[in-house]
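Commentary on secondary and tertiary structure
Now for the letters of each chain:
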Amino acid sequence: MEKGNLLRNSSIYILGSVTTASISVFSLALLARSLSVSEYGELSVLLQIATLFAFIFGLELSASVVIEYNLLGVNSDAYKQLIGSLFIFSFLFFLTSAVILLFAVLSDLEPYPGINTKLALVAILSGYFVSVINLGSGFLLISERAQTLSLFRVIRASSFLVFLIIALLVYDGGLLGAIFAEASSTLIVALSIFVIIYKRFGLTFNFGQLTSSLRFCVPLTIHALGLWALVASDRFVLEIYLGYEEVGIYSFGYAIAAFLVMITSGIDSAWSPIFLEVCEHNENSSQIVGKYWTSYPAVIGVICLIFFTSSPAIVTILGGSEFNRSNNVMPLLILSMYFHGLYLPFAKTLMMRKKSLLVAKITGFCAVFNLAITILSVPEIGIMGAALSTAFSYLL
């Protein structure tokens, strides 16, 4: 990658992350002002269900899209067959799951007490759309289409805000309107990305390419599910012990802290193609990666510090007095996001060396630790227990 392209792509990713975060601020404020605290808590659980099924349907196959880009060659028939096989497999997997879930609805089954099954189905559908987005984004990322990828992220955030305005302010749709807004925004981006991929590669199925990718990606799926458990398991534990109102308070604080993830992910997106090229073509790769690691923690540390000092004002402006208790968990959640930011380049190094099983073991252990500490601490100290377990787990 030429130096000019490097600077341009890095600037685009960071600008895209800042723009997306800025738009998401308005969406968060609209949700907090339009839904009750309990409804916001239930929406948070539904969105975590969508994320879970995005991992399940996607099986982290986007990692194979990235890794095989240079190994197979983007213009090779093998790579075209790989892309087509992954999209077809993901769709068939979703279709099979959808039939089973539809049968559950028609049979009046309630898989998880306390969660509206029909709303959960909308969330699951959104999860499939996200899996398509992730799969296509893997190609856009490694092919250095920074502008296109960042544009789609901005479109997703913008369309979500527009649909929220329609659903909550025009039709007063409440929780149902909010989850449909999420599904609609992901559908728009998923269809757009699919059209780009289809025009570029077509849809050709090759069982050999699929099995090879699955062998590499299944351990990464365990890793992804572990990450999901780190992020989401505390909401479910809080709901069981304390109810949706406490979930809402905690989730609002988490949502604000998660803006830091958008920034660190933007930096990580800018670094990813550089990292891959350096590792494959530069004999001094260890020195280059080492220099990055020296400066990266300090940069995100400064960002987190600025965010910490302004978080009380952010909570008040976006959520109002109903969410003031979210300030109690903000310091620990911001610290968690700092540790998460440090983890991103470390995990990338291991995956580049195809040590996906080691990554899965690390994440799995931390997820189990997080769940155990959350279960033990939440009944005693409430949402502070969830925040403490999250911070310690990301530290591990």
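Computed from a prediction, not measured in an experiment: that's the story for all the values here.

The subject of this paragraph is the confidence of the model for the protein. Where the model shows low pLDDT, its predicted coordinates should not be examined in detail. Per-residue confidence for the protein gives a mean pLDDT of 80; residues scoring 70 or more make up 84%. Confidence, read as mean pLDDT per element, is least for helix α10 (residues 259–281) in the protein (65) and greatest for helix α7 (residues 174–201) (91).

The next thing to look at is the packing of aromatic side chains. Remark: the centre distance and the inter-plane angle together describe each pair of aromatic rings, the angle taken between the planes. This model, assessed by the stated rule, comprises 18 aromatic pairs. Both rings, one in W228 and one in F236, keep their centres 5.9 Å apart while their planes meet at 50 degrees; by these two values the pair is tilted. Assigned by exposure class, W228 and F236 land together as buried. Above the plane of the ring of Y254 lies R235, whose end atom (NZ or CZ) is 4.2 Å from the centre.

It is worth spelling out the pattern of salt bridges at this point. Opposite charge on two side chains lets them pair, provided their charged atoms get close. Going through the model one piece at a time under the given rule, you end up with 3 salt bridges. The partner of D234 in a salt bridge is R235, with the nearest N and O atoms 3.1 Å apart. The exposure classification of D234 matches that of R235, with both residues buried. A salt bridge links R325 to E246; its shortest N-O distance comes to 2.6 Å. With R325 in the loop between α11 (285–319) and α12 (330–352) and E246 in helix α9 (residues 244–257), the pair connects residues that are 79 residues apart, well separated along the chain.

A few words on α9. Taking 1.5 Å of rise per residue, 14 residues should cover 20 Å, and α9 covers 20 Å from first to last C-alpha, within 8% of that figure. The element α9 is extensively covered by neighbouring structure, given that 12 of its 14 residues are classed as buried. When we look at burial in α9, the residues that qualify are Y244, E246, V247, G248, I249, Y250, S251, F252, G253, Y254, I256 and A257.

What counts, and at which threshold
- The residue numbers shown here count from 1 along each chain, following its written sequence.
- Per-residue local features are limited, in this predicted model, to residues with pLDDT of at least 70; the limit for side-chain atom pairs, both in listing and counting, is 80 or more; totals at the level of whole chains, interfaces and linings are taken over all residues.
- With hydrogens and water stripped out, all remaining heavy atoms of the structure feed into the side-chain values.
- For every residue, the predictor states its confidence as a pLDDT score lying anywhere from 0 to 100.
- In this description a helix means any DSSP run of H or I spanning at least four residues, a strand means any run of E spanning at least two, and both kinds are numbered starting from the N terminus.
- Each Phe, Tyr or Trp ring, with Trp reduced to its six-membered ring, pairs with another whose centre is within 6.5 Å; inter-plane angles below 30 degrees give stacked pairs, above 60 give edge-to-face pairs, and intermediate values give tilted ones.
- Relative accessibility under 20% of the residue-type maximum defines a buried residue, over 50% an exposed one, and the middle range a partly exposed one, all with a 1.4 Å probe and only protein chains included.
- Lysine NZ or arginine CZ positioned within 6 Å of the ring centre and within 35 degrees of the ring normal marks a charge as sitting over the ring.
- One speaks of a salt bridge when a side-chain nitrogen belonging to Lys or Arg is within 4 Å of a carboxyl oxygen belonging to Asp or Glu.
- To estimate the expected span of a helix, count its residues, drop one, and scale the result by 1.5 Å.

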